[in-house]
Amino acid sequence: MQRWIVHVDMDAFYASVEQRDNPSLQGKPVIIGGPNRRGVVSAASYEARRFGVHSAMPVAEAKRRCPEATILPGDHHKYRSVSQSIRAIFYDFTPLVEPLSLDEAFLDVTGMDWLYDHPATIAKQIRERIHKELSLTASAGVAPNKFLAKLASDLKKPNGLVVINPGEEANVLDPLPITRLWGVGEKTAQLLHNINIQTIGQLARTNPTILEKQFGRWALDAHQLALGLDDRPVIPESDPKSLGNELTFNTDLICREEIKAHLLALAEQVGQRLRYSNYSGRTITVKLRFIPFETITRGQSLDNPTNLSELLYETACQILDRTNLHCPIRLVGLTVSNLQPGDASQLSLFSGLEDKRRAVAKAVDALKTKFGNSIITRGRLLQLNNQQNDEQDY
């Protein structure tokens, strides 16, 4: 299975939050840093960066370079709160999230290509949600590994999206200066320049034995990165709280059977995401948005956790049958919460049926992973293909 990593990096995070919360600062240079003479810059808006202001620079030097800048001490409690909201969006797409700091994280979205035409679509939707819900911008990189994803997210900042597909590694890396490589600071770069290595491509074409003699074991790891190779896994910070999907429609729904057909599609998607992520859940929640904007949620808990699409669908239908549909429906969502790791077996009188369902789900998942989501579809879902307007995972 092709591995896919997304790296999301907020744009001038602390300064952007302050500009968002104080419209008078928008479009103006803003510096976040200690108020005393020995204070250093912790963040600078892009307007301030044009004057050469950057993180870790003494505030006094930053003021000299950009005397018109507004200097703020920063509010880390606020930044942490916003970071938690950003992280919640990440978890809406995948449970495999590795935060690096308050403003950046790696996401492993391997295997999600059955749900999206390309992993870049996930990055695009994440950036759109951050902008829509938090009024902030983020840059993202999409690539087969962590090094390439992080590098890609920095290539078109701010508010950029860069994809490095398998086979494109050399074309992207070769012309970049050696300082773009992880672990190469000014001193190391100068040592590499002394042996005529100016770019990542030149490092990749250098005999690793020669590099090791000059720089030790580090050089072998750097040479692998220069070739675009990095097998480090994304290490999740914690278990997810829930997984779900929702659908918004061009034409409002008024028929229960039509709503149930969409619930079936959602149950298929959520069930497969749960199985791929190796989670099961006990609580199923249906979300309905009426005309104009009234939204309700109704839930039901099972005796035992499940990740079987059929059980998710059956429970969702039971919830819908108990719900009064007083207006047309413009959005339907399905969420599974109270998650636990593992593929929990259903302990019931119908355990034989559950075993069969689990075997079928495993076979179907394998087919979709190998050949794509369209390789096998329930007949009832074929008619929905042209009705779906927008889909979000969370």
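This one's a predicted model, so the numbers in the text were calculated from it and none came from an experiment.

**Student:** Please set out the overall build of the protein residue by residue, giving values where relevant.
**Tutor:** Secondary structure assignment for the protein yields 14 helices and 13 strands. Within the protein, buried positions represent 50% of all 394 residues. Pairs at least 24 residues apart make up 68% of the contacts formed inside the protein by residues separated by at least 6 positions. For the protein, the exposed area adds up to about 19300 Å²; of that, 51% sits on carbon and sulfur atoms.

**Student:** How would you summarise the pattern of salt bridges if you had to cite specific residues and measurements?
**Tutor:** Enumeration according to the criterion identifies 18 salt bridges in this entry. One salt bridge connects Arg20 with Asp21, and the closest N-O pair in it is separated by 2.8 Å. For Lys146, the salt bridge goes to Glu98, with nearest N and O atoms at 2.8 Å. With Lys146 in helix H6 (residues 146-153) and Glu98 in strand E5 (residues 97-101), this residue pair connects regions lying 48 residues apart in the sequence. According to the relative accessible area criterion, Lys146 is buried, its value standing at 4%. Owing to a relative accessible area of 14%, Glu98 belongs among the buried residues under this scheme. Here the salt bridges share partners, and the residues they tie into one network are Glu18, Arg20, Asp21 and Lys78.

**Student:** Account for helix H1 (residues 13-21), naming residues and giving values.
**Tutor:** Because each turn of an α-helix spans 3.6 residues, side chains separated by three or four positions end up pointing in the same direction. Counting buried positions over the nine residues of H1 gives seven, a clear majority of the element. Every buried residue belonging to H1 is among Phe13, Tyr14, Ala15, Ser16, Val17, Glu18 and Gln19, and all of these are buried. Next to the buried residues of H1 lie strand E1 (5-10), strand E2 (30-33), strand E3 (41-44), helix H2 (46-49), strand E4 (70-72) and helix H4 (76-91).

**Student:** Break down the sheet that holds strand E7 (residues 138-143) for me, citing the residues and quoting the values.
**Tutor:** Pairing within the open sheet is mixed, and its five strands lie in the order E5-E6-E1-E7-E8. Looking along the sheet, the strands with just one partner apiece sit at the ends: E5 and strand E8 (161-163). Shown here is a sheet whose adjacent strand axes are inclined to one another by a mean of 15°, direction ignored. Two elements, E5 and strand E6 (residues 104-108), share four bridges in a ladder whose sense is antiparallel. In the strand pairing of E6, Pro99 is matched with Ala105. The strands that H6 touches are E1, E5, E6, E7 and E8; relative to E7, the one it contacts most, it runs at about 145°.

**Student:** Requested: an account of the pairing of E6, with residues and values cited.
**Tutor:** With five of its five residues buried, E6 lies for the most part within the structure. Both faces of E6 are covered, namely the face carrying Glu104, Phe106 and Asp108 and the face carrying Ala105 and Leu107. In the sheet, E1 pairs with E6 via five bridges, with the strands oriented antiparallel. Bridge pairing in E6 places His7 opposite Phe106. Taking the residues between adjacent antiparallel strands as the criterion, E5 and E6 are bridged by two residues.

**Student:** Got a sec to walk through the side chain of Thr206? Specific residues and values, please.
**Tutor:** Secondary-structure assignment places Thr206 in the loop between helix H9 (200-204) and helix H10 (208-215). If we skip the residues at most four places from it in the chain, Thr206 touches Ile197, Leu211 and His223.

**Student:** Tell me what's going on with the sheet that holds E2, and back it up with residues and numbers.
**Tutor:** Pairing between the strands of a sheet is mediated by backbone hydrogen bonds and can be parallel or antiparallel. The sheet built from three strands is open, its strands ordered E3-E2-E4 with mixed pairing. Edge strands, defined here as strands with exactly one partner in the open sheet, are E3 and E4. For this sheet, the mean inter-axis angle between neighbouring strands, taken without regard to orientation, is 25°. With three bridges connecting them, E2 and E3 associate as antiparallel partners. Across the sheet, the residue bridging to Ile31 is Ala44, located in E3.

**Student:** I'd like a rundown of the confidence of the model for the protein, residues and numbers included.
**Tutor:** Of the residues in the protein, 85% have a pLDDT of 70 or more, and the chain-wide mean is 86. Averaged pLDDT values over the elements of the protein bottom out at 46 in strand E13 (residues 388-393) and peak at 98 in E7. Low pLDDT, under 50, characterises residues 345-350; the stretch is placed with ten contacts to residues that sit more than four places away or in other chains. Low pLDDT (under 50) marks residues 385-394, which in the prediction has 41 contacts with non-local residues, meaning those over four places away or in another chain.

**Student:** Any chance you could break down the packing of H10 against helix H11 (residues 217-226) for me, citing the residues and the numbers?
**Tutor:** Direction vectors running N to C along H10 and H11 enclose 140°, while the axes themselves pass 6 Å from each other. Classed by the angle they form, the pair H10 and H11 counts as oblique. Considering how the two elements wind past one another, H10 and H11 form a crossing that is right-handed. Residues Pro208, Leu211, Glu212 and Phe215 of H10 form the contact with H11, whose own contacting residues are Arg217, Trp218, Ala219, Leu220 and His223. Considered class by class, the residues forming the contact of H10 with H11 number six nonpolar, one polar and two charged.

Quick notes on the rules
Residues numbered from 1 in each chain as written. Predicted model: local features only at pLDDT ≥ 70, side-chain atom pairs only at ≥ 80, totals over all residues. Heavy atoms only, no water. Helix = DSSP H or I, 4+ residues; strand = E, 2+ residues; numbered from the N terminus. Buried < 20%, exposed > 50% of the residue type's maximum accessible area, 1.4 Å probe, protein only. Contact = heavy atoms within 4.5 Å. Areas by Shrake-Rupley, 256 points an atom, 1.4 Å probe, with all protein chains shown as cover. Salt bridge = Lys/Arg side-chain N within 4 Å of Asp/Glu carboxyl O. Pairing = 2+ DSSP bridges. Axes fitted to C-alpha atoms, helices over the stretch in contact; angles between N-to-C directions. pLDDT = per-residue confidence, 0-100. Parallel < 35°, antiparallel > 145°, perpendicular 65-115°, else oblique. Left-handed = near helix turned anticlockwise from the far one by under 90°. Nonpolar A, V, L, I, M, F, W, Y, C, P; charged D, E, K, R; others polar.

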